[in-house]
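Observations on the three-dimensional arrangement
Now for the letters of each chain:
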Amino acid sequence: MTVRPVVAAALLAGMLAGCASTSSQTAADAPRHPSVAADLSPVPAFTGGGAGWSIEIASTGQGNHDASLSADGRTHKGTLRYLGQPADAPSSLIVLNGELGQQPAIVEIKRESCRNAEGVDTLASVQVTMEGQPQRRGCGHLAVY
């Protein structure tokens, strides 16, 4: 089979472009579960909280989220990242990892019925774990696509 120089050059350029885009990705950029696209988070937006605290989360694309936790008269702003569905977790659980107020944080949102302290029913529960802080549990509203 004979390959023309122009076609060969185009093929080589395409292969190199594919390698360049792949090599610029880090392991943290890749989703944990192969069925989840790297830029598709199941959390377009979330608002919730519990007694004395609240959290707001908004997707900024590519699995990243801006987040703000208000508690104890302080606001902890930061970024959270969706890395895909953990292998051993139920499908109703969404885990976001990152930092809030420069402290490591894990936010777990679970699609389930939840009644907050005011007696309002929501369709999601939330748990926030931050280094050096008590674990917070509450309810909230998860925006859906």
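Residues numbered from 1 in each chain as written. Predicted model: local features only at pLDDT ≥ 70, side-chain atom pairs only at ≥ 80, totals over all residues. Heavy atoms only, no water.

So, the overall build of the chain
Check the secondary structure of the chain and you find one helix and eight strands. Along the chain, helices (α) and strands (β) appear in the sequence α-β-β-β-β-β-β-β-β when read from the amino end. Split into buried and exposed, the 145 residues of the chain put 31% on the buried side. A total accessible area of about 8,900 Å² is found for the chain, and carbon and sulfur atoms account for 56% of it. (Helix = DSSP H or I, 4+ residues; strand = E, 2+ residues; numbered from the N terminus. Buried < 20%, exposed > 50% of the residue type's maximum accessible area, 1.4 Å probe, protein only. Areas by Shrake-Rupley, 256 points an atom, 1.4 Å probe, with all protein chains shown as cover.)

Examining the pattern of salt bridges
Scanning the entire structure with this criterion turns up two salt bridges. Notably, a salt bridge pairs Arg-136 with Asp-72, separated by 3.3 Å at the nearest N-O pair. Taken as a pair, Arg-136 in strand 8 (residues 136-142) and Asp-72 in the loop between strand 3 (64-71) and strand 4 (74-82) lie far apart in primary sequence, 64 residues in all. For Asp-72, a relative accessible area of 65% gives the class exposed. Across the salt bridge formed by Asp-121 and Arg-115, the nearest N and O atoms sit 2.7 Å from each other. When its relative accessible area of 49% is taken as the criterion, Asp-121 is described as partly exposed. (Salt bridge = Lys/Arg side-chain N within 4 Å of Asp/Glu carboxyl O.)

Structural notes on the pairing of strand 1 (residues 45-50)
The pairing of strand 1 with strand 2 (residues 53-61) spans six bridges and is classified as antiparallel. Bridge assignment links Thr-47 to a residue of strand 2, and that residue is Glu-56. Taking the residues that link successive antiparallel strands as the turn, the strand 1-strand 2 hairpin has two residues, and the phi of Gly-52 there is positive, at about 85 degrees. (Pairing = 2+ DSSP bridges.)

Remarks on the state of the cysteines
Inspection of the entire model under this criterion finds one disulfide. One disulfide bridge connects Cys-114 with Cys-139, the sulfur atoms lying 1.8 Å from each other. Classification of the bridge connecting Cys-114 and Cys-139 rests on its S-S torsion, roughly -65 degrees, and on that basis the disulfide is left-handed. Here Cys-114, found in strand 6 (residues 103-115), pairs with Cys-139, found in strand 8; they are 25 residues apart in sequence, far enough to count as distant. A residue is classified by how much of its surface remains accessible, and Cys-139, at 7% relative accessible area, is buried. (Disulfide = S-S within 2.5 Å.)

Regarding the sheet that holds strand 4
Here we have eight strands rolled up into a closed barrel, ordered 1-2-3-4-5-6-7-8, and antiparallel in their pairing. Direction aside, neighbouring strands of the sheet carry axes that sit 30 degrees apart on average. The pairing of strand 6 with strand 7 (residues 121-130) spans nine bridges and is classified as antiparallel. Residue pairing across strands places Val-107 opposite Val-128, the latter belonging to strand 7. (Axes fitted to C-alpha atoms, helices over the stretch in contact; angles between N-to-C directions.)

Side note on the nonpolar core
Ranked by internal contacts, the top residues of the largest apolar core, which has 21 residues, are Phe-46, Ile-55, Ile-57, Leu-96, Val-107 and Ile-109. Contributing elements (two or more residues each) for this core: strand 2, strand 3, strand 4, strand 5 (93-100), strand 6 and strand 7. Top element by residues in this core is strand 7. It accounts for four residues. For Ile-55, the contacting residues outside a window of four places in its chain are Phe-46, Thr-47, Gly-48, Ser-68, Leu-69, Leu-100, Val-107 and Val-128. (Core = buried A, V, L, I, M, F, W, Y, C linked by side-chain atoms within 4.5 Å. Contact = heavy atoms within 4.5 Å.)

Considering the environment of Ala-105
Within the secondary structure layout, Ala-105 lies in strand 6. When the C-alpha positions of Ala-105 and Gly-78 are compared, they lie 9.3 Å apart, and in sequence the two are 27 residues distant. Once residues lying within four places of it in the same chain are set aside, the contact partners of Ala-105 are Leu-80, Leu-96, Asn-97, Gly-98, Glu-99, Leu-100, Thr-129 and Met-130.

It is worth stressing that arrangement in space is one thing and function is another; only the former is reported here.
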